Every structure is written in structure tokens, then in C-alpha cells.
Amino acid sequence: MDCLFCKINANEIPAEVIYEDDKVIAFNDINPQAPSHFLVIPRKHIATLNDIGDEDRELVGHMVQVAGKVAAEKGFAADGYRTVFNCNPHGGQTVYHIHLHVLGGKPMGWPPYQETLKTEV
Ligand code: 5GP
Ligand code: ZN
């Protein structure tokens, strides 16, 4: 399978890994959008949020918990951080292996979409 994050999981492509266990890996984003920007991925290939099955519930919960634990280790959990799952083109997904973005170290803007909303999307 030609999947970038499966290749990072298999150590075929290097990454700055900051956490790993038997289910997930966290590594720094190559193009950070905040002072700290890392991704939490499952070792299992799941293409999009739409492909999460009932059997994946615990895995996805673990991804979210790891996000918080690594944020705490990095020292910005109490100040806060942004977590994002992008899904498919309208969500801005570019790598089709689910990943939880964690952005911290400065206040994040909100909302992410600021054009005048049209009735149809
Ligand atoms: P998406 O747009 O799919 O939500 O996010 C994909 C993220 O993966 C982007 O933030 C992008 O910078 C990051 N990324 C793409 N290629 C690589 C890579 O080879 N290594 C790392 N560490 N991050 C990558
Ligand atoms: Zn994959």
C-alpha cells in the first residue's frame, strides 16, 4: 500500500517520533503551524474518519488520550491546545491515513472558516 504514514509506521520514512506504543505513534509535523505541532496516528491503516469501524472505537479514544498526554509532557496541556481531524477534500485532508493534529504553544484562532457562509457547500 502506498501510504506515507504507513511508511513512517514501518520506519521506511524517517520522522521525529515523540511517543509510540503498540497501537499509535506521535511525531512532529514536517510543516508546523504552531510552536508545537505533532500528529497522532494509529499503526493500523484507516483512510479517513468515515472508515472508522466499531472495532476502532477504543483505538481512536486512545489517540485522543495520547494527544493530551504528550501535550502535558510538552508542558502546554494546561494552557491548552487545538486538536483537528481533517476528513476528505472539504476538510483539507491530504494524507489518507487518519491522524490527529495537535497544535500548541500559542493561542489558536477560531473559527477556522471566516468567509461569508453560503447556503450550499
Ligand atoms: P492533513 O492535511 O491530511 O490533515 O495533514 C497532513 C499533515 O501531514 C500536514 O500537516 C503535513 O505537513 C504533514 N506531513 C506531510 N508529509 C509529511 C512527512 O513526510 N512527515 C511528517 N512528519 N509530516 C508530514
Ligand atoms: Zn496508512
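Residues numbered from 1 in each chain as written. Chains lettered and ligands numbered in written order. Predicted model: local features only at pLDDT ≥ 70, side-chain atom pairs only at ≥ 80, totals over all residues. Heavy atoms only, no water.

**Student:** How would you sum up the overall build of the protein? Please name residues and give values.
**Tutor:** Looking only at helices and strands, the protein features three helices and five strands. Along the protein, from the amino end to the carboxyl end, the secondary structure elements read α-β-β-β-α-β-α-β. In terms of C-alpha radius of gyration, the protein reaches 15 Å, essentially the compact-globule figure of 14 Å for 121 residues. Each of the three principal axes of the protein carries a C-alpha extent, and together these read 45 × 35 × 25 Å. Split into buried and exposed, the 121 residues of the protein put 35% on the buried side. Within the protein, counting contacts between residues at least 6 apart in sequence, those at least 24 apart form 56% of the total. Taking the 10 positively charged and 16 negatively charged side chains of the protein as two groups, their mean positions are separated by 3 Å. (Helix = DSSP H or I, 4+ residues; strand = E, 2+ residues; numbered from the N terminus. Rg over C-alpha atoms; globule rule 2.2 N^0.38 Å. Buried < 20%, exposed > 50% of the residue type's maximum accessible area, 1.4 Å probe, protein only. Contact = heavy atoms within 4.5 Å. Lys, Arg positive; Asp, Glu negative; His and termini not counted. Charge placed at Lys NZ, Arg CZ, Asp CG, Glu CD.)

**Student:** Residue-level account of the coordination of the zinc ion (ligand 2), with values.
**Tutor:** Summarising the metal site, the zinc ion (ligand 2) is bound by the protein donors Cys3 (SG), Cys6 (SG), His45 (ND1) and His97 (ND1), whose distances to it range over 2.0 to 2.3 Å. Each of the four donor atoms around the zinc ion (ligand 2) contributes to a set of angles spanning 105 to 116°, which defines the coordination as tetrahedral. All donors of the zinc ion (ligand 2) come from a single chain, and their spacing in sequence reads C-x2-C-x38-H-x51-H. One end of the pair, cysteine 6, is in helix H1 (residues 4–9); the other, histidine 45, is in the loop between strand E3 (36–42) and helix H2 (57–74), with 39 residues separating them in the sequence. (Donors = N, O, S within 2.8 Å, 3.2 Å for Na, K, Ca; no water. Tetrahedral: all angles 85-135°; square planar, octahedral: opposite > 155°, others 65-115°.)

**Student:** How would you explain the pattern of salt bridges if you had to name every residue and give the values?
**Tutor:** Within this structure, the stated rule accounts for five salt bridges. Lysine 7 is the partner of aspartate 2 in a salt bridge, and the nearest nitrogen-oxygen pair spans 2.7 Å. A residue is classified by how much of its surface remains accessible, and aspartate 2, at 70% relative accessible area, is exposed. In this structure lysine 7 comes out as partly exposed when scored by relative accessible area, which is 25%. In this structure, aspartate 22 engages lysine 23 in a salt bridge whose closest nitrogen and oxygen atoms are separated by 3.4 Å. (Salt bridge = Lys/Arg side-chain N within 4 Å of Asp/Glu carboxyl O.)

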